[in-house]
Amino acid sequence: EVFYIDGSANPQFDFSANNLYIFDQSDPTNVGQQIVFGYTVDDSANILTAADGVTVMGTPGQPGAYTQLDLSNTFTGTLFYYCYYHSGMGST
């Protein structure tokens, strides 16, 4: 299992400070696949939360579901995206 972002399987891309990212999770293939963000990969104990600019709306796989990442604060370092429930689903 992998995340498809803009039609590509687990693409690597650059997160930048002062940007807003919205990940549409409404496709039925997202059922049970909540995307999360962290500074280490596959570490569900240390994910970014609402305090860090993450907003989860709805349930993955349901109409209107999305996850928003607001990096309007100063952001440095490498950020990973992955699935909260399944390891190996993500990239930098």
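For the structure, see preceding data.
None of these values were measured; they are calculated from a predicted model.

**A short note on the side chain of Thr 67**
Next up, step 1: Note on placement: Thr 67 falls in strand E6 (residues 66–70).
Next up, step 2: For Thr 67, the side chain forms a polar contact with the side chain of Gln 25, separated by 2.7 Å.
Next up, step 3: Once you skip the residues sitting within four places of it in the chain, Thr 67 turns out to touch Tyr 21, Ile 22, Phe 23, Gln 25, Gln 34, Ile 35, Phe 37, Val 54, Thr 55 and Val 56.

**Side note on the environment of Ile 22**
Next up, step 1: Secondary-structure assignment places Ile 22 in strand E3 (residues 20–24).
Next up, step 2: Classification of Ile 22 by relative accessible area gives exposed; the value is 53%.
Next up, step 3: The spacing of Ile 22 and Asp 43 is 21 residues in sequence and 21 Å in space, taken between C-alpha atoms.
Next up, step 4: Once residues lying within four places of it in the same chain are set aside, the contact partners of Ile 22 are Tyr 66, Thr 67 and Gln 68.

**Section: the layout of surface pockets**
Next up, step 1: Counted as a void, the largest pocket has a volume near 340 Å³.
Next up, step 2: As for the largest pocket, its lining consists of 16 residues, of which Phe 3, Tyr 4, Ile 5, Asp 24 and Asn 30 are closest to the centre.
Next up, step 3: For the lining of the largest pocket, the leading source of residues is E3, giving 3 residues.
Next up, step 4: The residue makeup of the lining of the largest pocket, split by class, is 8 nonpolar, 4 polar and 4 charged.

**Details of unusual backbone geometry**
Next up, step 1: Non-glycine residue Asp 6 carries a positive phi angle of around 55 degrees.
Next up, step 2: One can find Asp 6 in the loop between strand E1 (4–5) and strand E2 (8–9).
Next up, step 3: Among the residues examined, Asp 6 registers a relative accessible area of 80% and is labelled exposed.
Next up, step 4: Unusually for a residue other than glycine, Asn 10 sits at a positive phi of about 45 degrees.
Next up, step 5: On the secondary structure map, Asn 10 appears in the loop between E2 and E3.
Next up, step 6: The exposure class of Asn 10 is buried, given its relative accessible area of 17%.

**A closer look at the nonpolar core**
Next up, step 1: The biggest cluster of nonpolar side chains holds 16 residues, and the ones touching the most others in it are Phe 15, Phe 23, Phe 37, Leu 69, Leu 71, Leu 79 and Tyr 81.
Next up, step 2: Among the elements of the structure, E3, strand E4 (35–38) and strand E7 (80–83) are those that each provide at least two residues to this core.
Next up, step 3: The residues touching Phe 37, leaving out its near neighbours within four places in the chain, are Phe 15, Phe 23, Ile 47, Leu 48, Val 54, Thr 67, Leu 69, Leu 79, Phe 80, Tyr 81 and Tyr 82.

The rules behind these values
Residues numbered from 1 in each chain as written. Predicted model: local features only at pLDDT ≥ 70, side-chain atom pairs only at ≥ 80, totals over all residues. Heavy atoms only, no water. Helix = DSSP H or I, 4+ residues; strand = E, 2+ residues; numbered from the N terminus. Polar contact = N/O pair within 3.5 Å; in protein donor to acceptor, adjacent residues only side chain to side chain. Contact = heavy atoms within 4.5 Å. Buried < 20%, exposed > 50% of the residue type's maximum accessible area, 1.4 Å probe, protein only. 1 Å grid on protein atoms, 1.4 Å probe; cavity = no way out; pocket = protein on both sides within 12 Å on 5 of 7 lines; lining within 4 Å. Points joined across faces, edges and corners; volume = space filled by probe spheres on them. Nonpolar A, V, L, I, M, F, W, Y, C, P; charged D, E, K, R; others polar. Core = buried A, V, L, I, M, F, W, Y, C linked by side-chain atoms within 4.5 Å.

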